[in-house]
Amino acid sequence: MDLRIIAIKVKLNENGNNSYKDMEEIPLTVMINPRLKIINGADTDLQYEACASVPEITGKVKRYKSIFLEYYTEKGTKVQRVVNGYFARLVQHEVDHLDGIVFLDKVEGKFATKNMVKKFNLKG
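Computed from a prediction, not measured in an experiment: that's the story for all the values here.

Chemist: I tried to follow helix α1 (residues 85–98) on my own but got confused; where do I start?
Modeler: Two residues of an α-helix separated by three or four positions point the same way, owing to the 3.6 residues in each turn. With 14 residues, α1 should reach 20 Å at 1.5 Å per residue; the first-to-last C-alpha distance of 21 Å fits that figure. Inspection of α1 places Y86, F87, A88, R89, L90, V91, Q92, H93, V95 and D96 among the buried residues, and these make up the whole buried set. Looking at the residues trailing α1, positive phi occurs at G100, about 80°.

Rendered as structure tokens:
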């Protein structure tokens, strides 16, 4: 049996200077065989994304603001829920990795460095 697994954990900076405009703290969440479905009529959002797989490079990626997410926990419990905002963006980013896609494949427009984004406060 093939397993597709992602693990997400987000801790906010104490000074409030976080990388994404709608970033939220997310406890460690392990998702086994995650599947996502786009919600009919869901809006999209274009924001800068970065990735540890491609250090120092960022670019604007369009993602759905809300998605329906289904996965299993480590104990085999099936979870079905709607996730929004930053959590939805992060799940889409990580599921892309499972499909062999990196955010660079989805960047709209030009690339930037993380230092440029910080220096010029290029959020969103």
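Next, the rest of the story.
Chemist: Mind showing me how you'd approach the sheet that holds strand β3 (residues 44–51) here?
Modeler: Sheets are built from strands paired through backbone hydrogen bonds, the pairs being either parallel or antiparallel. Strand order in this open sheet of three strands is β3-β4-β7, and the pairing throughout is antiparallel. In the strand order of this sheet, the two ends are held by β3 and β7 (107–113), each with one partner. Between one strand and the next, the sheet's axes are offset by a mean angle of 25°, whatever the strand orientation. Note: strand β4 (residues 54–64) against β7, four bridges, orientation antiparallel.

Chemist: Would you take a moment to explain unusual backbone geometry for this structure?
Modeler: Of all residues except glycine, most have a negative phi; of all peptide bonds, most are trans. In this structure, N33 takes a positive phi of about 50° despite not being glycine. The residue N33 is located in strand β2 (residues 26–38) in this model. Residue N33 is classed as partly exposed on the basis of its relative accessible area of 21%. Look at E56: it is not a glycine, yet its phi comes out positive at around 75°. Tracing the chain through its elements places E56 in strand β4.

Chemist: How do you make sense of the pairing of strand β6 (residues 78–84) when you look at a structure like this?
Modeler: Where a strand is regular, its side chains alternate between the two sheet faces. As paired strands, strand β5 (residues 66–72) and β6 are joined by seven bridges and run antiparallel to one another. Note that in β6 the partner of F68 across the bridge is V82. Counting the residues between successive antiparallel strands, the hairpin from β5 to β6 contains five residues, one of them, G76, with a positive phi of roughly 90°.

Chemist: Even after reading the chapter, I still don't get the environment of Y71, so can you show me in this structure?
Modeler: Along the chain, Y71 turns up in strand β5. Taking the relative accessible area as the measure of exposure, Y71 reaches 6% and is therefore buried. Put simply, Y71 and I32 are 39 residues apart on the chain and 5.6 Å apart in space, counted from C-alpha to C-alpha. Beyond its immediate chain neighbours, meaning those up to four positions away, Y71 contacts T29, V30, M31, I32, N33, P34, T77, K78, V79 and R81.

Chemist: For this particular structure, what's the right way to read the nonpolar core?
Modeler: Most often, soluble globular proteins have nonpolar side chains that are buried together. Of all hydrophobic cores here, the largest spans 16 residues; its most connected members are I8, I26, M31, L69, F87 and V91. Listed by contribution, the elements that provide at least two residues to this core are β1 (5–10), β2, β5, β6 and α1. Dropping the residues within four chain positions of it, F87 is found in contact with E24, I26, M31, L69 and R81. In terms of nonpolar packing, the next biggest core, distinct from the first, is built from five residues, C51, V54, F103 and V107 among them.

Chemist: What should I look at first to understand the environment of G59 in this one?
Modeler: In this structure, G59 sits in strand β4. Spatially, the C-alpha atom of G59 lies 5.9 Å from that of A112, the residues being 53 residues apart in sequence. Apart from residues no more than four positions distant in its own chain, G59 is found in contact with Q47, Y48, E49, F103, V107 and K110.

Reading the values: rules and limits
- Residues numbered from 1 in each chain as written.
- Predicted model: local features only at pLDDT ≥ 70, side-chain atom pairs only at ≥ 80, totals over all residues.
- Heavy atoms only, no water.
- Helix = DSSP H or I, 4+ residues; strand = E, 2+ residues; numbered from the N terminus.
- Expected span 1.5 Å × (residues − 1).
- Buried < 20%, exposed > 50% of the residue type's maximum accessible area, 1.4 Å probe, protein only.
- Pairing = 2+ DSSP bridges.
- Axes fitted to C-alpha atoms, helices over the stretch in contact; angles between N-to-C directions.
- Contact = heavy atoms within 4.5 Å.
- Core = buried A, V, L, I, M, F, W, Y, C linked by side-chain atoms within 4.5 Å.

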